[in-house]
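Reading the structure
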Amino acid sequence: MKSQTEDESNRRPSEGHHMYDAIVIGAGPAGLQAALTLGRMHRSTLLLDSGEYRNGTVLHMHNVVANDGTPPAKFRATARTQLAEYADVEIRDVGAQSVSGAEGAFSVMLADGVSAEAKSVILATGVADDLPSVPGLQELWGVKAFSCPFCDGHEHAGRSIAILGPAPRAEHLIGLLGRIAGDITVFPVDQAFSAEDVQTLEGLGARVSVDLVTAVAPDGDDVRVTTDSGDRTVAGVFVASGSLRHRAPFADQLGLHMLPSGSIEIDDFGRTSLAGVFAAGDLAHRASLPGPMASVLLAAAAGQLAAVGVIQSLMAP
């Protein structure tokens, strides 16, 4: 990817300097829905698709009404096919590199060196998961290793699962998965559990490993979890540690107000602290919520609300 400070001579000129009503950065559920809503209201829209998605490794998405079990790639492809019916929506398969400007006149520098201008911007680039440093975990992510019981718990009904991570978050996951899984074994990742932690987790009905997990790997249709004292085979792994990070630097570039969760603060219509900039999806939430609510449906709903917010701002005198 080119640097924001790269010599201007290496950049192609903007294509006609067309001023869009909105540029939507990111083509996951939030961005796709935002573009659809804007297109239906005949607002000129540029949707930028970098090809990077949080659920890019996921085989099937769940807890999405009318799309339960649908591959995310099929979901995105269907959305793009439908968006092609709207003359006011343009889609480019390129990521954004930087965003600058103020309400009514934003400039987005694309990764291919072209710039695009718009009266408003919707940030929908999402987040990426930084997983704990367990060998083999990244390769299983979205296939046999998960974070969300609402999305992937049911598929493990009556089966053995492992939870990797610290006790407080493991307790929460046990509370959600305990009535679904057949049995649960909790493995510490960075440091061993205290005696009090072990007592609490076992009191919730889980087995507890005294040894740190050293690796995970496919084992047929199952997962082999390895510690210094041996292996355990489970149907799937749920991760109780790790962190989220923004996929793009735009919040910092624009000086947007952030919440303690690390997310962009928005109001009910996706407005950020900078007029003309809206945000939707896993990278933003209202201050009344403790953190982003990772869900395809909620991301799409946030995208729709942000699009409505854009339309309201464009109608303002």
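Keep in mind that what you see is a predicted model, and the values were worked out from it rather than measured.

**With respect to the overall build of the chain**
- The number of helices and strands found in the chain is eight helices and 19 strands.
- In terms of overall size, the chain behaves like a compact globule, its C-alpha atoms giving a radius of gyration of 22 Å where 317 residues would be expected to give roughly 20 Å.
- Its C-alpha atoms give the chain principal-axis dimensions of about 65 × 45 × 35 Å.
- Buried residues in the chain amount to 45% of all 317 residues.
- A total accessible area of about 15100 Å² is found for the chain, and carbon and sulfur atoms account for 52% of it.

**Let's talk about the packing of helix α5 (residues 167-177) against helix α6 (residues 195-203)**
- At a minimum axis separation of 10 Å, α5 and α6 run at an interaxial angle of 5°. Taken together, the axes of α5 and α6 lie roughly parallel to each other. Contacts between α5 and α6 involve A167, A170, E171 and I174 from the first element and D197, T200 and L201 from the second.

**Details of unusual backbone geometry**
- For N63, which is not a glycine, the phi torsion comes out positive at approximately 60°.
- Within the secondary structure, N63 is located in the loop between β2 (45-48) and α2 (72-83).
- On the accessibility criterion, N63 (49% relative accessible area) is partly exposed.
- One non-glycine residue, A66, adopts positive backbone phi at about 70°.

**Here's the deal with the pattern of salt bridges**
- Per the counting criterion, the structure on display carries 15 salt bridges.
- The partner of R92 in a salt bridge is E90, and the shortest N-O contact between them spans 2.8 Å.
- Looking at E90, the relative accessible area reads 30%, which means it is partly exposed.
- With a closest N to O distance of 3.2 Å, D222 and R159 form a salt bridge. Of this pair, D222 sits in strand β13 (residues 222-227) while R159 is found in the loop between α4 (149-152) and β9 (160-164), placing the two residues 63 residues apart along the sequence.
- Classification of R159 by relative accessible area gives partly exposed; the value is 36%.
- Here the salt bridges share partners, and the residues they tie into one network are D21, R43 and K119.

**Describing the sheet that holds β13**
- Read from one edge to the other, the open sheet built from three strands follows the order β12-β13-β14, with strand pairing classed as antiparallel. Each having just a single partner strand, β12 (213-219) and β14 (230-234) make up the two edges of the open sheet. For this sheet, the mean angle separating the axes of adjacent strands, direction not counted, is 25°.

**Brief notes about the packing of aromatic side chains**
- Scanning the model with the defined rule gives one aromatic pair in all.
- Residues F146 and F238 carry aromatic rings whose centres are separated by 5.7 Å and whose planes lie at 45° to one another, so their mutual orientation is tilted. Here F146, found in strand β8 (residues 145-146), pairs with F238, found in strand β15 (residues 236-239); they are 92 residues apart in sequence, far enough to count as distant.
- The exposure class of F146 is buried, given its relative accessible area of 9%.

**Here we look at the side chain of S120**
- With respect to the helices and strands, S120 occurs in strand β6 (residues 115-123).
- For S120, the side chain forms a polar contact with the main-chain oxygen of D21, separated by 2.7 Å.
- The residues touching S120, leaving out its near neighbours within four places in the chain, are D21, A22, I23, F106, G276, F278 and V310.

**Considerations on the pairing of strand β3 (residues 89-92)**
- Of the pairings in the sheet, the one linking β2 to β3 comprises four bridges and is parallel in character. Looking at β3, one finds that T45 is bridged to V89.
- Of the crossover connections in this fold, the one passing from β2 over α2 to the parallel β3 is right-handed.

Reading guide: rules and limits
Residues numbered from 1 in each chain as written. Predicted model: local features only at pLDDT ≥ 70, side-chain atom pairs only at ≥ 80, totals over all residues. Heavy atoms only, no water. Helix = DSSP H or I, 4+ residues; strand = E, 2+ residues; numbered from the N terminus. Rg over C-alpha atoms; globule rule 2.2 N^0.38 Å. Buried < 20%, exposed > 50% of the residue type's maximum accessible area, 1.4 Å probe, protein only. Areas by Shrake-Rupley, 256 points an atom, 1.4 Å probe, with all protein chains shown as cover. Axes fitted to C-alpha atoms, helices over the stretch in contact; angles between N-to-C directions. Parallel < 35°, antiparallel > 145°, perpendicular 65-115°, else oblique. Contact = heavy atoms within 4.5 Å. Salt bridge = Lys/Arg side-chain N within 4 Å of Asp/Glu carboxyl O. Pairing = 2+ DSSP bridges. Phe/Tyr/Trp six-rings, centres within 6.5 Å; stacked < 30°, edge-to-face > 60°. Polar contact = N/O pair within 3.5 Å; in protein donor to acceptor, adjacent residues only side chain to side chain. Right-handed = clockwise from strand over helix to strand, strands pointing away.

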